Amino acid sequence: MAEKVGAVASGIAGGKEDEIEDMFSHLELNEDELDDVVIGVEEAKEFQKAARWLAIGKVLTTRSFSTDALFEKMKSVWNLSRDPICREAGENLFIFQMHCLGDWKKVVHQGPWTFRGWGLMIEDYDGLSDPENFVFDGMHMWAQIHGIPELYRKVEVVDDLARRVGKVKEVQFSPKLFFEGNYVRIRVRIDVTKPLMRFVSLTIPVEGRRRLPVKYEKIPFFCKRCGLFGHNHEECGDGVWEEKQLHHGSWLLATRRDSQPAPAPRRFVPRAPAQGGWTGKGEQHNVGPRKRTSGDADLEKDEDLQDTAESPLKTNPNTGQVVEDNDTNTRRQLAFGNADSGGVGDVIPPQENTGELSDPPLPPTYVKNKERTKLRKTEPSENILATSAASSEEDCQAQ
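Here the structure is a predicted model, which means the values were calculated and not measured.

### Quick look at empty space enclosed by the protein
- If you walk through the whole model with that rule in mind, you get one cavity of 30 Å³ or more.
- In this structure, the largest cavity spans a volume of roughly 80 Å³.
- Contributing to the lining of the largest cavity are 13 residues, with V108, G111, I122, M139 and H140 lying nearest its centre.
- Contributions of two or more residues to the lining of the largest cavity are made by α3 (101-109), β9 (118-124) and β10 (138-146).
- The leading source of residues in the lining of the largest cavity is β9, at four residues.
- Counted by class, the lining of the largest cavity contains eight nonpolar, three polar and two charged residues.

In structure tokens, the structure reads:
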């Protein structure tokens, strides 16, 4: 049995369907089309439990990009305990499924995240609403309010100033000064549909209004002309702007404080060789020259060049008189092997002491191993020839 379902289609915003209440006011649905799939209460609870760590994202840009490149880049940047399940849910719409509470908190609450310099807006997602109808209007980021007088550096004053920048999530009155300046650090949700806040005003008695600069620590690409995200000033309007027409600039970015400059590396500088020595600390000390010339030592004098060395004499321990060693029987000489001597290391008998010094024997001539081998081979043949010659002479005489 056919049944009519009355509904009216509502408007379309931005070329996409904004809301769909009922589109079947003029259609008749048959029984097969009305055959519902029923989800039980217990099953719905299990599905909701599995979908606790869902998030939806959108990139703040009108340019086209690779979805796979986005997924791979964010997995690397997030560095979660387990890789999230990522899928594309529409034009520039993405669903991220985390596996634990820690990963979900990091992705949703520890931004801002950027992809190729563009802002990536991440929001909590219940898994029921239509991703096409999800409204992205904010991004969490860290900002700084500079120059607040110490007298008015109070919770209520700073909170009111921070609310001018965005929806306040955290305030740090005494942050670690990783950036230049005297500031209060705030984490706020900035409305991306409005220009960036450049100053907040504080009215002080007697002095009047004081403008306090606002700077941002990590911020995506923004337009220097209109202050909105997603494009630069060359893409805003016709892109032709003079410098004085740019109301925003890089001065909105917080400047990171430089660490203490490292000392210059010590380089070795060659120096002239010193005669004294080296102290070990790069300085030299002179202790006088260690090497002297013959002129400095006065070696040109005759008395210095004379040989005055004497050998010690033996004394008799009983009488104390000097005893000359004239015993030639204890003297031995070693002769090296040569053609005339008997062999290497032969003991030569002592000679009579005539009071005259004899010349030492000449050292043996060195014979190479090859020549020595040749001599050994030629000696038998020479002996044979000599023997044969002698025998032939004897035969001649006998005849």
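That was the structure; now back to the text.
### Some thoughts on the sheet that holds β10
- Ordered in space as β11-β12-β10-β14-β13, the five strands form an open sheet in which the pairing is antiparallel. Strands with a single pairing partner mark the edges of an open sheet, and in this sheet they are β11 (167-172) and β13 (199-204). Ignoring which end each strand starts from, the neighbouring axes of this sheet average 30° apart.
- When β10 meets strand β14 (residues 208-216), the two strands line up antiparallel, connected through three bridges. For I145, the partnering residue across the bridge sits in β14 and is V214.

### Overview of the packing of aromatic side chains
- Evaluation of the coordinates by the stated rule reveals twelve aromatic pairs.
- Of the aromatic side chains, those joined through ring pairs into one cluster are F65, F71, W78, F94, F96, W113, F115 and W118.
- The ring of W142 has R185 sitting right over it, with the charged end atom 3.8 Å from the ring centre.

### Topic: the pairing of β14
- Where β13 meets β14, six bridges bridge the pair, whose relative direction is antiparallel. Residue T203 lies in a different strand from β14, and its bridge partner there is R209.
- The antiparallel pairing of β13 with β14 creates a hairpin that spans three residues between the two strands, and V206 there sits at a positive phi of about 75°.

### Describing the pattern of salt bridges
- All chains considered together, the criterion is met by seven salt bridges.
- R63 is the partner of E235 in a salt bridge, and the nearest nitrogen-oxygen pair spans 2.0 Å. Of this pair, E235 sits in the loop between β14 and α5 (302-305) while R63 is found in the loop between β5 (54-59) and α2 (67-78), placing the two residues 172 residues apart along the sequence.
- Residue classification places R63 among the partly exposed residues on the basis of a relative accessible area of 43%.
- Among the ionic pairs, R189 bridges to D137, the shortest N-O distance being 3.0 Å. Note that R189 is positioned in strand β12 (residues 183-191) and D137 in the loop between β9 and β10, a separation of 52 residues in sequence.
- Classification of D137 as partly exposed rests on a relative accessible area of 35%.

### Digging into the nonpolar core
- Grouped together as the largest cluster of nonpolar side chains are 33 residues, with contacts concentrated most on I186, L196, Y216 and F229.
- Mapped onto this core, the elements with two or more residues apiece are β5, β7 (93-97), β10, α4 (155-165), β12, β13 and β14.
- Discounting chain neighbours no more than four positions away, the residues touching L196 are I190, Y216, I219, F222, G227, F229, H248 and L252.
- Membership of the second largest hydrophobic core comes to 21 residues, among which are W53, W113, F115 and L120.

### Digging into the sheet that holds β5
- Read from one edge to the other, the open sheet built from five strands follows the order β6-β7-β5-β9-β8, with strand pairing classed as antiparallel. Strand pairing shows two members of the sheet lacking a second neighbour, β6 (85-90) and β8 (113-115), which therefore form its edges. Here the strands of the sheet are splayed against their neighbours by 35° on average, with no regard to which way each runs.
- Where β8 and β9 come together, three bridges link them in antiparallel fashion. Within the sheet, the bridge partner assigned to W113 lies in β9 and is L120.
- Docked against the sheet, α2 engages β5, β6, β7, β8 and β9, running at close to 140° with respect to β8.
- Contacts from α3 reach β5, β8 and β9 within the one sheet, and its direction differs from that of β9 by about 130°.

About the thresholds
Residues numbered from 1 in each chain as written. Predicted model: local features only at pLDDT ≥ 70, side-chain atom pairs only at ≥ 80, totals over all residues. Heavy atoms only, no water. 1 Å grid on protein atoms, 1.4 Å probe; cavity = no way out; pocket = protein on both sides within 12 Å on 5 of 7 lines; lining within 4 Å. Points joined across faces, edges and corners; volume = space filled by probe spheres on them. Helix = DSSP H or I, 4+ residues; strand = E, 2+ residues; numbered from the N terminus. Nonpolar A, V, L, I, M, F, W, Y, C, P; charged D, E, K, R; others polar. Pairing = 2+ DSSP bridges. Axes fitted to C-alpha atoms, helices over the stretch in contact; angles between N-to-C directions. Phe/Tyr/Trp six-rings, centres within 6.5 Å; stacked < 30°, edge-to-face > 60°. Lys NZ or Arg CZ within 6 Å of the ring centre and 35° of its normal. Salt bridge = Lys/Arg side-chain N within 4 Å of Asp/Glu carboxyl O. Buried < 20%, exposed > 50% of the residue type's maximum accessible area, 1.4 Å probe, protein only. Core = buried A, V, L, I, M, F, W, Y, C linked by side-chain atoms within 4.5 Å. Contact = heavy atoms within 4.5 Å.

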